[in-house]
Amino acid sequence: MIKSLLLVLTLSLSACVQLPKPLRGDYSTMPPQQYQQTPVTDLRIRWTGIVIDVENKPDHSCLTVMAKVPNEYGRPSYQNRVDLGRFIACKNKFLEPKYFQDRAITVTGQVKRLVVKKIDQLDYNYPLVDANVIYVW
């Protein structure tokens, strides 16, 4: 009896492990570092990480994100702390810097191209994402 109850409880809990609704769908498993080596036009992605910069322009805003390995919920994993490079996610609206700075996010959208920006004196190729969803954890 106890074994049956444990089995039912385990199956019930494992069924609850899902991505939040706005993040569900079919996306490429290619991480930002790999995209830098092999760019693919209009690649559909779901990438996650920590926001390290916010840049607002008159017609759009962009988040610079340090990419991380996602956990089963699609948020940056605390068990697997491997960095997967950086990417830039842009939206056609104002994004409040105080709200996004140092926050964990997950982005869905299409990678448009590589953009070269400086990190100190290093030229870095950032994958540029036209974001559909920016999910803040």
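In this report, we go over the structure that sits alongside the text. For every chain, the first residue of its written sequence is number 1, and the numbers climb from 1 along that sequence. Given that this is a predicted model, residues contribute local features only at a pLDDT of at least 70 and side-chain atom pairs are listed and counted only at 80 or more, while totals for whole chains, interfaces and linings are drawn from all residues. Values shown for side chains rest on all heavy atoms present in the structure; no hydrogens or waters enter the calculation.

**Concerning the layout of surface pockets**
Here is step 1 of the chain: The pocket and cavity definitions rest on a 1 Å grid over protein atoms only: a 1.4 Å probe that fits but cannot leave marks a cavity, an open set with protein on both sides within 12 Å along at least five of seven lines marks a pocket, and residues lining either have an atom within 4 Å of a point. Grid points are joined across faces, edges and corners, and a volume is the space filled by probe spheres set on the points. Its volume calculated, the largest pocket comes out at about 260 Å³.
Here is step 2 of the chain: Lining the largest pocket are 18 residues, and of these Ser 28, Thr 29, Arg 46, Trp 47 and Pro 70 sit closest to its centre.
Here is step 3 of the chain: Secondary-structure elements contributing two or more residues to the lining of the largest pocket are strand E1 (43-56) and strand E2 (61-68).
Here is step 4 of the chain: Residue contributions to the lining of the largest pocket peak at three residues, all from E1. Working definition: helices are DSSP H or I runs of at least four residues, strands are E runs of at least two. Numbering for both runs from the N terminus.

**Topic: the pattern of salt bridges**
Here is step 1 of the chain: Salt bridges are counted wherever a side-chain nitrogen of Lys or Arg sits within 4 Å of a carboxyl oxygen of Asp or Glu. Applying the stated rule across the entire model yields five salt bridges.
Here is step 2 of the chain: With a shortest N-O distance of 3.6 Å, Lys 57 and Glu 55 are connected by a salt bridge.
Here is step 3 of the chain: Any residue under 20% of the maximum accessible area for its type is buried, any over 50% is exposed, and the rest in between are partly exposed; the area is computed with a 1.4 Å probe on protein chains only. On the accessibility criterion, Glu 55 (29% relative accessible area) is partly exposed.
Here is step 4 of the chain: Salt-bridge contacts for Asp 83 lead to Lys 68; the nearest nitrogen and oxygen are separated by 2.3 Å. Note that Asp 83 is positioned in strand E3 (residues 83-91) and Lys 68 in strand E2, a separation of 15 residues in sequence.
Here is step 5 of the chain: Overall, Asp 83 belongs to the partly exposed group, its relative accessible area being 38%.

**Observations regarding the state of the cysteines**
Here is step 1 of the chain: Two cysteine sulfur atoms form a disulfide, by the criterion used here, when they sit within 2.5 Å. Counted under the stated rule, the structure contains one disulfide.
Here is step 2 of the chain: Sulfur-sulfur distance for the disulfide between Cys 62 and Cys 90 comes to 2.0 Å. The disulfide joining Cys 62 to Cys 90 has a torsion of about 105° about its S-S bond and is therefore right-handed. Of this pair, Cys 62 sits in strand E2 while Cys 90 sits in strand E3, placing them 28 residues apart in sequence.

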